[in-house]
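What follows is the residue order along each chain.
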Amino acid sequence: MSPLIDAASSTLLIVDVQSRLLPAIHDGTTVLANCIWLVQVAQRLEVPVIASEQYPKGLGTTAPELAAVLPPDSVRTKVHFSCVADGCFDNVEAFQRPQIVIAGTEAHVCVLQTALDLATLGVQVFVVADAVGSRRPEDRELALARFRQHGIDVVSREMVAFEWLHQAGTDTFRAISKEFIR
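These numbers were taken from a predicted model, which means no experiment stands behind them. (Residues numbered from 1 in each chain as written. Predicted model: local features only at pLDDT ≥ 70, side-chain atom pairs only at ≥ 80, totals over all residues. Heavy atoms only, no water.)

*Asks:* What am I meant to see in the packing of helix α5 (residues 107-120) against helix α6 (residues 137-149) here?
*Replies:* A pair of packed helices is captured by two measures, namely the crossing angle of their axes and the spacing between those axes. The interhelical angle for the contact between α5 and α6, taken along N-to-C directions, is 15°, at an axis separation of 9 Å. Here α5 is positioned roughly parallel relative to α6, judged by the angle of their axes. In this structure, α5 crosses over α6, and the sense of that crossing is right-handed. Of the residues in α6, those touching α5 at A107, H108, V111, L112, A115 and L116 are D139, R140, A143, R146 and F147. Its residues assigned to classes, the contact of α5 with α6 shows 7 nonpolar, 1 polar and 3 charged. (Axes fitted to C-alpha atoms, helices over the stretch in contact; angles between N-to-C directions. Helix = DSSP H or I, 4+ residues; strand = E, 2+ residues; numbered from the N terminus. Parallel < 35°, antiparallel > 145°, perpendicular 65-115°, else oblique. Left-handed = near helix turned anticlockwise from the far one by under 90°. Contact = heavy atoms within 4.5 Å. Nonpolar A, V, L, I, M, F, W, Y, C, P; charged D, E, K, R; others polar.)

*Asks:* Help me understand the side chain of T11, please; the structure alone is not making it clear to me.
*Replies:* If you trace the backbone, T11 turns up in strand β1 (residues 10-15). The class of T11 is buried, set by a relative accessible area of 0%. Of the polar contacts made by the side chain of T11, one reaches the backbone oxygen of A94; its length is 2.5 Å. What T11 contacts, discounting residues up to four positions off in sequence, is V47, P48, I50, A94, F95, R97, Q99, I100 and V101. (Buried < 20%, exposed > 50% of the residue type's maximum accessible area, 1.4 Å probe, protein only. Polar contact = N/O pair within 3.5 Å; in protein donor to acceptor, adjacent residues only side chain to side chain.)

*Asks:* For this particular structure, what's the right way to read the sheet that holds strand β4 (residues 99-105)?
*Replies:* Strand order in the open sheet formed by 6 strands is β3-β2-β1-β4-β5-β6, and the pairing between neighbours is parallel. Strands with a single pairing partner mark the edges of an open sheet, and in this sheet they are β3 (75-78) and β6 (153-155). Averaged over all pairs of adjacent strands, the angle between strand axes in this sheet comes to 25°, irrespective of strand direction. Across 6 bridges, β4 lies against strand β5 (residues 124-133) in parallel orientation. Of the residues in β5, the one forming a bridge with I102 is V127. Taken strand by strand, α6 contacts β5 and β6, and its axis lies near 165° from that of β5. (Pairing = 2+ DSSP bridges.)

*Asks:* Please explain the pairing of β5 as it appears in this structure.
*Replies:* The side chains of a regular strand alternate, residue by residue, between the two faces of the sheet. Burial runs high along β5: 9 of the 10 residues are buried. For β5 and β6, the ladder comprises 3 bridges, and the chain directions are parallel. The residue of β6 that forms the bridge with F126 is D153. Running through α6, the crossover from β5 to the neighbouring parallel element β6 is right-handed. (Right-handed = clockwise from strand over helix to strand, strands pointing away.)

Worth remembering: the numbers are spatial, not functional.
So, in structure tokens, the structure goes:
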């Protein structure tokens, strides 16, 4: 499989960007903004978007600004840290694609366990470094190192967008570039 992210083969997974957890996340406003940006770019390029909520009774539901841009019925709740272990996306067609692009919180817990489980299943996983966060910056950095150690690609939001776009000179490229990249 190509090391590039392909829009037709990938799904964007937003993990646990929740209203009660987000204020505790180091630079949480940037993580939230980058998650929203990714969702909007994905939707413009017809990349499926799914999201999870970890124990919403305790951590709250998805941050309202993010929930406002998510597709209807795209959010699943879970109690396991890993979206895979919980099985909350087992019957979701988008979760069966060969590439999963992951953003969200916490990098060293739910994002990490989900990414490692997906990689074990043979899924090509891309973690968006500027769209993942943890309460402590040190935990985020350790998670990014661990992703790399296990063959999971660590990318930026712009890397994702440009790989999904694949080429310049199209109407789609011009529209995405004007709205999201400039």
